[in-house]
Amino acid sequence: MEEGNIHPQLESPNPKSNSTSPPPPPAPPQIPITWPEDGVVSSSWVTNLMHTFDWASRAIPPSEFPSVLPVSVFDKLVLTASKILHKEPNCVKIDEDSGLNSESSSVVVVGDVHGQLHDVLFLLGDAGYPSEDRFFVFNGDYVDRGAWGLEVFLLLLAWKVLMPQRVYLLRGNHESKYCTSVYGFEKEVSMKYGDNGKHVYRKCLGCFEGLPLASIIAGKVYTAHGGLFRGTFVTPSKRGKNKKKNRKVVHNPEVNALTLGSLEELEKARRSVLDPPWEGSNLIPGDVLWSDPSMNAGLSPNKERGIGLLWGPDCTEEFLKKYNLKLIIRSHEGPDARDKRQDLGGMDKGYTVDHIVESGKLITLFSAPDYPQFQATAERYRNKGAFIILEPPHFDTPIYHSFEAVTPRPKVNPYYDFEDVIDSDEELDLQSMVADS
Ligand SMILES: [Mn+2]
């Protein structure tokens, strides 16, 4: 393997740029990164990992990524994080028992980041790094579309390992086999790890399966990638049994059985699936990861997505009221998705308030600015990204922070056919899901 100052021609971003992009670290960091000798990840190890990924994204081609992070170090990091993640409940509670202090703590909530490494680094710097008093809840969609999904996911895992009680990583619909095979992450990994790509990809998928689905902050805020979910299917009423052998019985469409799910049902769901199923009895994970709010009342199948639900303001109210909550913060819809939903707000500021009901409100939060990275300039959205800070004593009033993209982004070839795959997650190809899972 090559050593030292490789590929100087790729080294620095355009010096003529007058953008907000921070200058790259002055000297190449010490590579390769090694696993801490005592096996204990320190804060300097995590910040060094971030700086090194930043440097590498500008200085070396993707195929030389193993010279930055050898597969053995990748293995250690992912294994350590996976063990922590798999033990967490489906819905993590962030409260006094987990160290939330009603005088000094704050909680930062982050939406989709989609492999936009430099924007994630900016966000972490802007909000302040995770600390004893600063919690983070990430709402999923770490990978796909952007070119540095692997770096983003790994640096978040490193924070999780460093501060398991302060950093919470929820699962997004893109943390799945189906999405990563269509939207770039699988190819990104294979480009970066070559012969070890399959191994690395498999380990990432295993880790995705461990990610929890939702969080409740201070007993007041529910967060999840997609949002609300249905109740587990209950067989239709006993009236059917009384009509003995009535051959004319009309098929009772299951749509009538759609009810809002409870937190107890969410807790019992089996989240450890490569692709959340859209049929069968384990539908809650797919709902939580794929559903969208609607301005129409009630629950209905999310036909546009092919999986998950649409839920109305009445459902938001029912859920908030039932659990004495004030806010739902979900993500999942970027500027492209909102472009086609005229009755909901656009995503140019990185967030929208979708439902305002008696008990509180529903917010969509999206943290990938100037998205998607690889769309042709004319078709790209110059949206800002945003994060939300929740502050004591009640943690139930969102403070919005919008931010611009870090530009220019280092030049890199896309890992998926962005000309063909224009719309986020639309028209989910169920046949291909069956074949793949
Ligand atoms: Mn999503």
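For clarity, every value in this text was computed on a predicted model and none was experimentally measured.

So, how was this worked out
Residues numbered from 1 in each chain as written. Predicted model: local features only at pLDDT ≥ 70, side-chain atom pairs only at ≥ 80, totals over all residues. Helix = DSSP H or I, 4+ residues; strand = E, 2+ residues; numbered from the N terminus. Buried ≥ 20, exposed ≤ 12 C-beta atoms within 10 Å, placed from the backbone. Contact = placed C-beta atoms within 7 Å. Pairing = 2+ DSSP bridges. Axes fitted to C-alpha atoms, helices over the stretch in contact; angles between N-to-C directions. Parallel < 35°, antiparallel > 145°, perpendicular 65-115°, else oblique. Left-handed = near helix turned anticlockwise from the far one by under 90°. Nonpolar A, V, L, I, M, F, W, Y, C, P; charged D, E, K, R; others polar. Core = buried A, V, L, I, M, F, W, Y, C linked by C-beta atoms within 7 Å. UniProt positions renumbered as here; feature names shortened; annotations may be inferred. Arc of directions from axis to C-beta. pLDDT = per-residue confidence, 0-100. Expected span 1.5 Å × (residues − 1).

Caption draft 1: Highlighting the overall build of the protein chain. On a plain count of helices and strands, the protein chain comes out with 13 helices and 14 strands. Sorting the 437 residues of the protein chain into buried and exposed places 46% on the buried side. Contacts in the protein chain between residues at least 24 apart in sequence constitute 75% of all its contacts with a sequence separation of at least 6.

Caption draft 2: Looking closely at the sheet that holds strand β13 (residues 385-390). The strand order across the open sheet built from five strands is β4-β3-β2-β13-β14, with neighbouring strands paired in mixed fashion. With one partner strand each, in any of the chains shown, β4 (167-169) and β14 (399-403) form the two edges of the open sheet. The average undirected angle you get between the axes of adjacent strands in this sheet is 20°. When strand β3 (residues 134-138) meets β4, the two strands line up parallel, connected through three bridges. Paired with Phe 136 across the bridge in β4 is Val 167. Where helix α3 (residues 117-127) meets the sheet, it contacts β2 (106-110), β13 and β14, and its direction lies at approximately 140° from that of β14.

Caption draft 3: Looking closely at the packing of helix α2 (residues 71-87) against helix α4 (residues 149-162). Contact geometry for α2 and α4: axes closest at 9 Å, N-to-C directions at 55°. Classified by the angle their axes make, α2 and α4 are oblique. Helix-helix and strand crossings are classified by hand; for α2 and α4 the assignment is left-handed. Between α2 and α4, the residues in contact are Leu 77, Val 78, Thr 80, Ala 81 and Ile 84 and Leu 154, Leu 157, Ala 158, Lys 160 and Val 161, respectively. For the contact of α2 with α4, the residue count by class is eight nonpolar, one polar and one charged.

Caption draft 4: The arrangement of the sheet that holds strand β1 (residues 91-94) in detail. What the six strands build is an open sheet, ordered β1-β5-β6-β10-β12-β11; its pairing is mixed. Edge positions in the sheet fall to β1 and β11 (351-357), since each of these pairs with one other strand and no more. This sheet shows a mean twist of 20° between the axes of neighbouring strands, independent of strand direction. Along the sheet, helix α11 (residues 313-322) contacts β10 (327-330), β11 and β12 (360-365); its crossing angle with β11, the most-contacted strand, is approximately 75°.

Caption draft 5: Quick peek at the nonpolar core. In this structure, Val 109, Val 137, Val 152 and Ala 158 are the most contacted members of the largest nonpolar core, which totals 110 residues. Beyond its immediate chain neighbours, meaning those up to four positions away, Val 137 contacts Ile 94, Val 107, Val 109, Tyr 168, Leu 170, Ser 215, Ile 217 and Thr 223.

Caption draft 6: Molecular detail of the UniProt feature "domain: Serine/threonine specific protein phosphatases" (unreviewed entry) in the protein chain. Mapped onto this numbering, the UniProt entry annotates "domain: Serine/threonine specific protein phosphatases" (unreviewed entry) at residues 170-175. Between the end C-alpha atoms of residues 170-175 there is a gap of 10 Å, over a span that is 0% helix and 0% strand.

Caption draft 7: Highlighting the environment of His 86. Note that His 86 resides in helix α2. Each C-alpha atom of the pair His 86 and Cys 207 lies 8.0 Å from the other, and the pair is 121 residues apart in sequence.

Caption draft 8: Layout of α11. Taken as a whole, α11 has its buried residues at Pro 313, Cys 315, Thr 316, Phe 319 and Leu 320. For α11, the arc enclosing every buried residue in end-on projection is 160°, short of the 170-degree limit, so these residues lie on one face. Turning to α11, the residues buried within the fold contact β8 (299-301), β9 (309-311), β10, β11 and β12. Asn 324 lies just past α11 and shows a positive phi near 55°.

Caption draft 9: Structural context of unusual backbone geometry. Geometrically, the link from Tyr 371 to Pro 372 is a cis peptide bond, its omega value of -15° lying close to zero. Secondary-structure assignment places Pro 372 in the loop between β12 and β13. A positive phi is found at His 114, a non-glycine position, where the angle reads about 45°. Considering the arrangement of structural elements, one finds His 114 in the loop between β2 and α3. Given 31 C-beta atoms within a 10 Å radius, His 114 is considered buried. If you check the backbone angles, Asp 370 has positive phi at about 45° while not being a glycine. Structurally, the position occupied by Asp 370 is in the loop between β12 and β13.

Caption draft 10: Spotlight on the confidence of the model for the protein chain. With 84% of its residues at a pLDDT of 70 or more, the protein chain has an overall mean of 89. Element-level mean pLDDT values for the protein chain span from 43 in helix α13 (residues 430-436) up to 99 in β3.

Caption draft 11: Expanded view of helix α1 (residues 43-59). For α1, built from 17 residues, the straight-helix expectation of 24 Å at 1.5 Å per residue is met to within 8% by its first-to-last C-alpha distance of 24 Å. Those residues of α1 not exposed but buried are Val 46, Leu 49, Met 50, Thr 52, Phe 53, Asp 54, Ala 56, Ser 57 and Ala 59. Among the structural elements, α3 and α4 are those in contact with the buried residues of α1.

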